[in-house]
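Below, each chain spelled out in residue letters.
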Amino acid sequence: MASLHFKSLMCIDTEDITGSDETHLVVSGTTRWRGRMNDGDAVSLNVVKPIPFINRARIDLFDDDHPDPDDHVGTTYALLSEIGKGEIEHTFKYNAPLGSAKYVLTPWNSRRSHYCQSNSGHRTRG
Ligand SMILES: [Ca+2]
Ligand SMILES: [Ca+2]
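The model shown is predicted, which means the values in this text are computed figures rather than measured ones.

> I keep staring at the pairing of strand β1 (residues 2-6) and nothing clicks. Help me out?
Two faces, one strand: in a regular strand the side chains alternate between the faces of the sheet. Only one face of β1 is buried: it carries A2, L4 and F6, and the other face, with S3 and H5, is open. As paired elements, β1 and strand β6 (residues 51-53) share three bridges and run antiparallel to each other. Within the sheet, the bridge partner assigned to L4 lies in β6 and is I51.

> Honestly, unusual backbone geometry in this entry has me stumped. Any pointers?
Most peptide bonds are trans, and most residues other than glycine sit at a negative phi. With an omega of 5 degrees, the peptide bond running from H66 to P67 counts as cis. Tracing the backbone shows P67 in the loop between β7 (56-63) and β8 (71-79).

> Looking at this structure, how should I read the sheet that holds strand β4 (residues 30-37)?
Backbone hydrogen bonds are what pair the strands of a sheet, in a parallel or an antiparallel way. An order of β4-β3-β7-β8 is seen for the four strands of this open sheet, with the pairing classed as antiparallel. The open sheet terminates on both sides in strands that have one partner only, identified here as β4 and β8. Sheet twist, expressed as the average angle between the axes of neighbouring strands with direction ignored, equals 15 degrees. With five bridges joining them, strand β3 (residues 21-27) and β7 adopt antiparallel strand pairing. In the sheet register, V27 faces β7, and the bridge partner there is I59.

Thresholds applied
Residues numbered from 1 in each chain as written. Chains lettered and ligands numbered in written order. Predicted model: local features only at pLDDT ≥ 70, side-chain atom pairs only at ≥ 80, totals over all residues. Buried ≥ 20, exposed ≤ 12 C-beta atoms within 10 Å, placed from the backbone. Helix = DSSP H or I, 4+ residues; strand = E, 2+ residues; numbered from the N terminus. Pairing = 2+ DSSP bridges. Axes fitted to C-alpha atoms, helices over the stretch in contact; angles between N-to-C directions.

Shown next, in the form of structure tokens:
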């Protein structure tokens, strides 16, 4: 088991043509962060609590639109095999006939979780 620690998100180019994006970050189907971002904005993701995962965690980035369907900016995965490789960043690039977007999720850090180990030292006497 591992846990995913996000650091920051930068918006290079919004998907919406005018104004800011209503950006939201979804991990394994659960929204973990949501906010408005415009070109050049960077936000700290320290407010996002570490997210435990087993083999990999799917990370999706969206821009909310209403009444149109939300724009899916992109998908990436945090992998168990990345543990110990330091901080990792991913650039989401989105291209569609009516818009483009570029975001940098930088960096994340997968660490071995201590959750599984919390009981490992416990021995029953018998
Ligand atoms: Ca949009
Ligand atoms: Ca939007």
